[in-house]
Amino acid sequence: MNRIQWSEMLPVVNYANRLVCDSGFEFGPRTISDHQFIYIVKGKGTAEIQNRVYPARKGDLFYYGPGVIHKFTADLNDPYVLIGIHFQWKNELKGYQNFVHARETSSSHSFLHKPNEWLIEENGNAKLLLQDVQHLEDGETANVLQQIVSQYKAETIVSAAVNRALIVFLLHLIHKQISSHVFGPRKLLHDILIKLQASRSMPYNRGWLTEWSGYQQDYISRQFRQEFGLSPHSYHLQQKIELAKDKLEQERSSISSIAEQLHFGSVHYFCRAFKAHTGYSPMQYRQWKQRI
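Rules and cut-offs
Residues numbered from 1 in each chain as written. Predicted model: local features only at pLDDT ≥ 70, side-chain atom pairs only at ≥ 80, totals over all residues. Heavy atoms only, no water. Phe/Tyr/Trp six-rings, centres within 6.5 Å; stacked < 30°, edge-to-face > 60°. Lys NZ or Arg CZ within 6 Å of the ring centre and 35° of its normal. Pairing = 2+ DSSP bridges. Helix = DSSP H or I, 4+ residues; strand = E, 2+ residues; numbered from the N terminus. Axes fitted to C-alpha atoms, helices over the stretch in contact; angles between N-to-C directions. Core = buried A, V, L, I, M, F, W, Y, C linked by side-chain atoms within 4.5 Å. Buried < 20%, exposed > 50% of the residue type's maximum accessible area, 1.4 Å probe, protein only. Contact = heavy atoms within 4.5 Å.

Caption draft 1: How the structure looks around the packing of aromatic side chains. Enumeration over the complete set of coordinates arrives at 22 aromatic pairs. Here the aromatic cluster, defined as three or more aromatic residues joined through ring pairs, consists of Phe 264, Tyr 269, Phe 270, Phe 274, Tyr 280, Tyr 285 and Trp 288. A cation over a ring is seen here: Lys 240 above Phe 264, with NZ or CZ 5.6 Å from the ring centre.

Here it is as structure tokens:
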């Protein structure tokens with residue numbers, strides 16, 4: 001895990017913009033040479049970070065660092081508006097910053113995957129752990145991010161210094177909201193989402209919902225569907241299909257072996273579920289990926 005002290009930070013904004021996305025717009029899979037925040041102002045879509053797929057909706061703040069593979073796709077019917085901030089944790093202010101180096105890559109390159117956690121603390125206290133996604137809904141966060149975009153566009157050494165202060169203040173707001181538990185119920189649902197993603201190679205177990213939340217299964221399932229637009233079981237299956245796609249691209253295992261590894265129950269069910277999600281049979285998908 002990467003760490004930095006609050007007192008050590010001398011952040012520099014390298015690039016900042018507000019992007020109104022077209023229907024189905026996407027960027028990535030790619031890596032960048034600095035750090036980035038992506039904040040969803042409105043609309044929806046998906047975000048993929050190191051093959052971890054998340055719904056992306058209003059109030060979600062995504063983070064990833066150098067070399068971390070990521071991809072964002074806007075919804076077809078309700079594409080998102082986002083704010084993107086590229087920054088470094090420590091650097092000198094040298095006038096107008098505009099140093100963004102992006103490299104297109106392949107999400108199938110799992111051997112390139114890097115940890116994506118950054119811990120900010122001070123002598124063990126005031127800890128803020130940045131991971132793939134933070135869930136914030138206050139207007140103050142969006143306002144600070146928009147100020148960073150405006151200051152960046154001013155293209156002066158003074159605006160660069162102001163953005164240094166605004167990045168620190170943004171981190172303070174994130175820390176305050178996460179530690180206050182104001183959004184506890186929503187955070188619980190996102191924690192369940194992350195655990196479902198981490199358990200995608202296992203058979204789905206409804207008992208997880210009570211184990212992870214302390215609530216009755218049907219209740220937490222309804223809350224999950226309301227928040228993310230699909231049931232916990234459907235999300236778990238979606239993630240299982242994503243893992244199957246990786247295995248079909250990267251491994252030479254047979255279709256039946258992959259179905260068994262991922263506990264689909266039968267090859268028939270695996271093939272039927274895979275085609276329903278991708279439009280291809282597993283064999284067709286493997287042959288298509290080999291051609292490209």
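What follows continues from the structure just given.
Caption draft 2: Layout of the sheet that holds strand S11 (residues 118-122). Here we have 3 strands laid out as an open sheet, ordered S1-S11-S12, and mixed in their pairing. Looking along the sheet, the strands with just one partner apiece sit at the ends: strand S1 (2-5) and strand S12 (125-130). Across the sheet, the mean angle from the axis of one strand to that of its neighbour is 20 degrees, orientation sign disregarded. In this structure, S1 lies alongside S11, joined through 4 bridges in parallel fashion. By the bridge assignment, Arg 3 is partnered in S11 with Leu 119.

Caption draft 3: Representation of the nonpolar core. Ile 38, Phe 62, Tyr 64, Phe 72, Tyr 80 and Phe 224 are the most contacted members of the largest nonpolar core, which totals 29 residues. The dominant element in this core, judged by the number of residues it contributes, is helix H3 (residues 184-198), at 4 residues. Those residues in contact with Ile 38, other than ones at most four positions away along the chain, are Phe 27, Asp 60, Leu 61, Phe 62, Tyr 64, Phe 72, Leu 82, Ile 83 and Gly 84. Judged by nonpolar contacts, the second largest core, of 28 residues, contains Ile 85, Leu 130, Leu 145 and Leu 171.

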